[in-house]
Amino acid sequence: MKKANMMIGLALLVITGCIGFLFLNGIGLRFAKLIKPSVYGKEAADAVVIRMFPDLSERKILILGVPTDQPEAQIFTDHLKDAYARHFKEEPRMITDVEKLETCKGPCWLVTRLEEAHSLDDDRLEYRNLSKNYLSIFIFDKNADPSEECKAKLRLNLNCLHDLSIREASRKMKTQDPYFFLNKYADNNFFVFIGKL
């Protein structure tokens, strides 16, 4: 009995030490690679919708970050909408006004700026009480060079996540074709990267 109590006490001491270490030093999060770098084609949007399952079906709101200065992102958004309608037999409602989110029925996609389509820095007040996913669309070239500061961060911001994702994925891009890949970060943040066409 004394041995068992001593073992339990020792285990609790080790657990307390581990929790204290993690509390003081933080926990480093890395992104999950949902789609490895693949040559971009017609099926890219279908692949993204399939890999975002079940998150897309469980949370009916998608905050979609689309860069306005890149037509490739708008084209991909249209393909994504069509792929969603094919797979879920329901077309998402595309809205641009945050105030319409709470009254929107069914799948609603809020199209917004890239900087607002993630919860990495802080969840925006307008979205805080909603069950939602975030999807950011990046158009990239292979020459991303993350800073040393980004490499050492425990919790990534948008710029660091962008640069680190591209640097890591570019190792697997063997041809000059445009590639795409999908990463997930911190539970409900999805990032699709599409090479310049």
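Preceding this paragraph is the structure being described.
Just so you know, these numbers come straight off a predicted model, no measurement behind them. (Residues numbered from 1 in each chain as written. Predicted model: local features only at pLDDT ≥ 70, side-chain atom pairs only at ≥ 80, totals over all residues. Heavy atoms only, no water.)

## Considerations on the side chain of Asp46
Within the fold, Asp46 resides in helix α2 (residues 44-51). According to the relative accessible area criterion, Asp46 is buried, its value standing at 17%. Once you skip the residues sitting within four places of it in the chain, Asp46 turns out to touch Ala83, Arg86 and His87. (Helix = DSSP H or I, 4+ residues; strand = E, 2+ residues; numbered from the N terminus. Buried < 20%, exposed > 50% of the residue type's maximum accessible area, 1.4 Å probe, protein only. Contact = heavy atoms within 4.5 Å.)

## Observations concerning the pairing of strand β6 (residues 179-185)
Of all seven residues that make up β6, six are buried, and the element is covered over most of its length. Sheet analysis places strand β1 (residues 32-39) next to β6, joined by five bridges and oriented antiparallel. Across the sheet, the residue bridging to Ile35 is Leu182, located in β6. Across six bridges, the pairing between β6 and strand β7 (residues 189-195) is antiparallel. What sits directly across from Lys184, in β7, is Phe190. (Pairing = 2+ DSSP bridges.)

## Some thoughts on the pattern of salt bridges
Pairing is possible between side chains that carry opposite charge, provided their charged atoms lie close to one another. As enumerated under the stated definition, the model contains two salt bridges in all. Across the salt bridge formed by Arg86 and Asp46, the nearest N and O atoms sit 2.8 Å from each other. You can see Arg86 sitting in helix α4 (residues 71-88) and its partner Asp46 sitting in helix α2, a full 40 residues away along the chain. By relative accessible area, Arg86 is classed as partly exposed at 46%. In this structure, Glu91 engages Lys81 in a salt bridge whose closest nitrogen and oxygen atoms are separated by 3.4 Å. Of this pair, Glu91 sits in the loop between α4 and β3 (93-95) while Lys81 sits in helix α4, and the two are ten residues apart along the sequence. When its relative accessible area of 48% is taken as the criterion, Glu91 is described as partly exposed. (Salt bridge = Lys/Arg side-chain N within 4 Å of Asp/Glu carboxyl O.)

## Comments concerning α4
The terminal C-alpha atoms of α4, which comprises 18 residues, lie 26 Å apart, in line with the 26 Å expected from a rise of 1.5 Å per residue. Burial in α4 covers these residues: Glu72, Ala73, Phe76, Thr77, Leu80, Ala83 and Tyr84. When α4 is viewed along its axis, its buried side chains cluster within an angular range of 135 degrees and face the same direction. Directly beyond the C-terminal end of α4, a positive phi value near 55 degrees is found at Lys89. (Expected span 1.5 Å × (residues − 1). Arc of directions from axis to C-beta.)

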